[in-house]
Amino acid sequence: MLFHSTRGNDSHKSFKDIAIQGLATDGGLYVPDFWPQIDLDQIKACKTYGDVAKIILPAFASDSFDEIEIRSMVDDIWQGFPSKHLVQFKNFDDFSIAELFHGPTAAFKDFGLQLVSYFLHHILKEDNQNGVILGATSGDTGSAAIHACKEYSNIKTFILLPEGNMSEVQRRQMSTVKNNNIFAIKVSGTFDDCQDIVKQAFNSDQFLPQNFSLLAVNSINWLRIIAQICYYFYSFSAINITKPLCFSIPSGNFGNVFSAYAAYKMGLPIKELCVAVNDNDILDRFFKNNDYSKNLTVPTISPSMDISVASNFERLIYDYYLERDAMTCNQLFTNFKSGKLALNDDLFKSKSGLFSSTVVSQEETRKIMKYFFDNYKYALDPHSAIACKRALEKSDFHVVSMATAHPDKFPDLFRALDIPIANHHPALQDLSNLEERLIAMPCDFSIIKNFINNSL
Ligand SMILES: *Cc1c(COP(=O)(O)O)cnc(C)c1O
């Protein structure tokens, strides 16, 4: 399997290339040259998430690793999870919840980041290189990256934390890690300011000394998508599904929904994908009205979904709507600099059916959380609650709703709603007793660059 860019000017890339490189050289996103087809009988026979990964991962990594090697690697990748049941399911009357939050930082991003960091470590070691991860975070990505990389001595991780809407637990998950290859930097600026510094670093020729590679772990990295494809196949294997299958997914940068779409293209019989968003509704406006236009971000009680554009969305436009016409994709996204994108109306209409979408206000999110507690004694974090709106609607589908964060990440909100949390996450218990180590920095590219270089 090789990979190419959605914009047509970067191709023949191996699994190892795209692990290290992230964004394609022409500004597009990497996609596989074709969709491998998965044998559903084999999936049905899987007992664990790891068993599924042993089928999915070789399908994408075959040019770089042989199948036996990859299968034995899978046993090591998710070792950092506190429980060996990586994904757990809760079945309700006529829907199910897939709990994806049992990883070390209590968010589904642990799956993707543990996979990326494992391969980055491995590939860098083979090439006698060192890696520097630089990223900005509004909450969950930073802590998942820090916890995925902290044991790999050939990788140093620098995460920029903006001022703003992050919960205390989310901050402490980053600031209390003691390993000396981890740097949590509190920047006096917004999330967008932090993103700009990261972009500038990736656009500089000599940001780091020669034997260091600058690495991104944001949600466009294809390896993160692979880990997520696995939980759709695993849901199919683990849940007894007798009706048409619908996945409902709380969405921000569209990485998770795109992974479900990839599973569909690889043969999983999905009839509906529900894209559930908060007041930051660019995706809902697209799926309902063919209007993908950028607005200002509004802060909400589901901060990991507060986005103004969805960075993985280009992959869907390229593969699903444009049927891999890279030239048109290139034009659309080059023009998107203006902040607006719309498809030809006939084309848009011809593709209706697979995707649905829903916007859930903060008020409604709180109501759904209350409803689950009152009716099922089940504590649902605000991100997961947004996806559960679709599960509560009557339909002929079996809805599997993705639960992406553990309630323990948002204790203040649960206190305010008077909802007790019955099952605590083991990794979040002692956080408030640990000492914090945050490095304060002005929002200044050269100061941050110097700091990073002096820390290598
Ligand atoms: C990142 C995140 C999301 C959004 O996922 P995308 O793949 O960016 O759409 C939803 N919920 C939680 C808890 C997250 O951390």
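Rules used throughout
- Residues numbered from 1 in each chain as written.
- Predicted model: local features only at pLDDT ≥ 70, side-chain atom pairs only at ≥ 80, totals over all residues.
- Heavy atoms only, no water.
- 1 Å grid on protein atoms, 1.4 Å probe; cavity = no way out; pocket = protein on both sides within 12 Å on 5 of 7 lines; lining within 4 Å.
- Points joined across faces, edges and corners; volume = space filled by probe spheres on them.
- Nonpolar A, V, L, I, M, F, W, Y, C, P; charged D, E, K, R; others polar.
- Buried < 20%, exposed > 50% of the residue type's maximum accessible area, 1.4 Å probe, protein only.
- Helix = DSSP H or I, 4+ residues; strand = E, 2+ residues; numbered from the N terminus.
- Pairing = 2+ DSSP bridges.
- Core = buried A, V, L, I, M, F, W, Y, C linked by side-chain atoms within 4.5 Å.
- Contact = heavy atoms within 4.5 Å.

Caption draft 1: How the structure looks around the layout of surface pockets. Its volume calculated, the second largest pocket comes out at about 410 Å³. Residue lining of the second largest pocket: 21 residues in total, with G80, P104, H147, K150 and E151 positioned closest to the centre. Classifying every residue of the lining of the second largest pocket by side-chain character gives nine nonpolar, seven polar and five charged.

Caption draft 2: Expanded view of the pairing of strand β4 (residues 95–99). Within β4, five of the five residues are buried, which leaves it mostly tucked inside the rest of the structure. With burial as the criterion, each face of β4 is covered, one bearing F95, I97 and E99 and the other bearing S96 and A98. Where strand β3 (residues 88–91) and β4 come together, four bridges link them in antiparallel fashion. Counted as the bridge partner of F89 is A98 from β4. As consecutive antiparallel partners, β3 and β4 are separated by three residues.

Caption draft 3: Representation of empty space enclosed by the protein in the model. Counted by the stated rule, this structure contains one cavity of 30 Å³ or more. Approximately 40 Å³ is the volume found for the largest cavity. Residue lining of the largest cavity: M174, S175, V177, I182, F183, A184, R437 and I439, and that is the complete set. Breaking the lining of the largest cavity down by element, the ones donating at least two residues are α7 (168–175) and β7 (182–187). Here the lining of the largest cavity is composed, by residue class, of six nonpolar, one polar and one charged.

Caption draft 4: Layout of the nonpolar core. W78, F119, F254, F313 and F355 are the most contacted members of the largest nonpolar core, which has 114 residues in total. No other element matches helix α9 (residues 222–238), which puts 12 residues into this core. Contact partners of F313, with chain neighbours within four places excluded, come to N253, F254, L283, F286, F287, Y292 and F333. Listed in part, the 30 residues of the second largest apolar core include F101, A385, I386 and C388.

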